[in-house]
Amino acid sequence: MAQQCEGGVQELLDEFFSFLCRKTDFYTGAEEKTAEKLIMDKFNIYQQRAYKFRDQRREEMQQADKKIKERQARKAEEERKLVEEKIKQQEEPKIREITDEEAECLQKEIDQQKDQNVANGSGEKMDISEEEEKDKKEEAEETKSDHDSDEDEKDKGKIKPNAGNGADLDNYKWTQTLEELEIRIPFYVTFPIKGKDVVVEVHRKHLKVGLKGHPPVIDGVTYNEMKVEESTWVIQDRKEVVLTIEKVNKMEWWSQVVTTDPEINTKKVQPENSKLSDLDGETRSMVEKMMYDQRQKEMGKPTSDEQKKQDVLKKFMTQHPEMDFSKCKFN
């Protein structure tokens, strides 16, 4: 009935009260003022409900805005600290104090060098010709080339992450940290978007976002699990929906929001160094090792585990100079 009234609320009320006048004794069947009192009672009831609903929605929007502002302030503070840390590192003198772990590693290298010098002094050193050195370099280059080709094959078709370690897709863009995702969905419509126009469904491993009466922009199984109760969304500039989703696993990078999206190459993700200070000792060591190994692979150099194996092999060769390793090939 409301859809048929082109004149809006006024025409709808005219139709309703006209019906009561023509088809019922609503106005004349009781004492004077009774009908008016009945209408005003109902009007007051639903007016209070409307005010309550409006205040509730306003409070929800304020809370969501507050969370976003706090999150933005936190990110700005982290970026400021990162800049200060970089400036501090640049201003630090070249001679610096080392940690106990670094001192222990340095001492081991010195001891190994002493053992090698002793072996050389006793006439037990092993000569390696220039040709053998050249062969070793060629083998290392071949190994690096094979390794790079295998990695390129796996990452073929994946896109490079954007500045926020996410992706700029056709219908939306997303960024991420280890803890959470931020998804921005612009809607190119002719009217200002309100909360009642938006459909947002966040489940533990499924996400749906769109406008009522339109095909959803996102609707699918997510890359991994999300914390439903910690996820929020807000409308910005009446044209864009911004979702903030907290990850369950805070130790991984997502390659996509939903499984139907194109994947990003997570090996090219640039982690925020300032976040390492927030991790516990064991987790921080593991993350730093992963970052170091990733940089070594990109430069074609051995990882920390491979370097340990090479050191053990080198020590063994030093301890057994009587053995000829010139024609040995090591993988």
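Just so you know, these numbers come straight off a predicted model, no measurement behind them.

Asks: Help me understand the sheet that holds strand S3 (residues 180–186) in this model?
Replies: If you trace the five strands from one edge of the open sheet to the other, you get S1-S2-S3-S8-S7, paired in antiparallel fashion. Of all strands in the sheet, those bounded by a partner on one side alone are strand S1 (167–168) and strand S7 (226–236). Both S7 and strand S8 (residues 240–247) contribute to a ladder of seven bridges, which runs antiparallel. From the neighbouring strand, Val-234 faces S8, where its bridge partner is Val-242.

Asks: Explain the sheet that holds strand S6 (residues 218–221) here, please?
Replies: A sheet is described by the order of its strands in space; here three strands give the open sequence S4-S5-S6, paired in antiparallel fashion. Strand pairing shows two members of the sheet lacking a second neighbour, strand S4 (198–202) and S6, which therefore form its edges. Neighbour to neighbour, the strand axes of the sheet diverge by 5° on average, direction disregarded.

Asks: It is not clear to me how the packing of aromatic side chains should be interpreted in this structure. Could you clarify?
Replies: Counting across every chain of the model gives three aromatic pairs. Pairing Phe-16 with Phe-17 gives two aromatic rings, centres 5.4 Å apart and planes at 70°, and the pair type is edge-to-face. We classify Phe-17 as partly exposed; its relative accessible area is 27%. With a centroid separation of 5.8 Å and 45° between ring planes, the pair formed by Tyr-223 and Trp-254 is classed as tilted. A residue pair is termed long-range when its members are at least 10 positions apart, and Tyr-223 in the loop between S6 and S7 and Trp-254 in the loop between S8 and helix H5 (281–298) qualify at 31 residues.

Asks: How should the environment of His-206 be read in this particular structure?
Replies: Tracing the backbone shows His-206 in strand S5 (residues 206–211). Of the residues examined, His-206 reaches a relative accessible area of 26% and is grouped as partly exposed. Along the chain, His-206 and Gly-220 lie 14 residues apart, while their C-alpha atoms are 5.7 Å from each other. Engagement of the side chain of His-206 in a polar contact is seen with the side chain of Asp-219, the distance being 3.3 Å.

Asks: What is the right way to read a nonpolar patch on the surface from this model?
Replies: Together, Met-251, Met-286 and Met-290 give the surface a local cluster of nonpolar side chains, amounting to about 290 Å² of exposed area. You can see Met-290 is positioned in helix H5. Given the relative accessible area of 53%, Met-290 is considered exposed.

Asks: Any chance you could explain the confidence of the model for the protein chain here in plain terms?
Replies: Close inspection of predicted coordinates is inappropriate for parts of the model with low pLDDT. The pLDDT averaged across the protein chain works out to 81; a share of 80% of its residues lies at or above 70. Counted against residues more than four places away or in other chains, residues 122–128, with its pLDDT under 50, gives ten contacts.

Asks: Would you take a moment to explain the pairing of S6 for this structure?
Replies: Taken residue by residue, a regular strand's side chains alternate between the two faces of the sheet. Sheet topology note: the S5/S6 ladder contains four bridges and is antiparallel. Bridging from a neighbouring strand, Val-209 pairs with Ile-218 of S6. Where S5 folds back on S6, the antiparallel hairpin that results is connected by six residues, among which Gly-213 adopts a positive phi of roughly 85°.

Asks: Just to check I follow, could you spell out the side chain of Glu-252 for this structure?
Replies: With respect to the element layout, Glu-252 can be found in the loop between S8 and H5. Buried and unpaired, Glu-252 has no salt bridge, with Lys-247 as the nearest side chain of opposite charge at 6.6 Å. Looking at Glu-252, its side chain comes within polar contact range of the side chain of Asn-224, at 2.5 Å. For Glu-252, the residues in contact, after removing those within four places along its chain, are Leu-178, Tyr-223, Asn-224 and Lys-247.

Asks: Help me understand the side chain of Asn-162 in this model?
Replies: By secondary structure assignment, the location of Asn-162 is in the loop between helix H4 (130–154) and S1. In this structure Asn-162 comes out as buried when scored by relative accessible area, which is 16%. Looking at Asn-162, its side chain comes within polar contact range of the main-chain nitrogen of Gly-164, at 3.0 Å. Here Asp-168 takes part through its side chain, which lies 3.0 Å from a polar atom of the side chain of Asn-162. With residues up to four places along the chain from it excluded, the contact list for Asn-162 reads Ala-167, Asp-168, Trp-174 and Thr-175.

Cut-off values and rules
- Residues numbered from 1 in each chain as written.
- Predicted model: local features only at pLDDT ≥ 70, side-chain atom pairs only at ≥ 80, totals over all residues.
- Heavy atoms only, no water.
- Pairing = 2+ DSSP bridges.
- Helix = DSSP H or I, 4+ residues; strand = E, 2+ residues; numbered from the N terminus.
- Axes fitted to C-alpha atoms, helices over the stretch in contact; angles between N-to-C directions.
- Phe/Tyr/Trp six-rings, centres within 6.5 Å; stacked < 30°, edge-to-face > 60°.
- Buried < 20%, exposed > 50% of the residue type's maximum accessible area, 1.4 Å probe, protein only.
- Polar contact = N/O pair within 3.5 Å; in protein donor to acceptor, adjacent residues only side chain to side chain.
- Patch = residues over 30% accessible without salt bridge, like charges linked within 9 Å, V, L, I, M, F, W, Y side chains within 5 Å.
- Areas by Shrake-Rupley, 256 points an atom, 1.4 Å probe, with all protein chains shown as cover.
- Salt bridge = Lys/Arg side-chain N within 4 Å of Asp/Glu carboxyl O.
- pLDDT = per-residue confidence, 0-100.
- Contact = heavy atoms within 4.5 Å.
- Lys, Arg positive; Asp, Glu negative; His and termini not counted.

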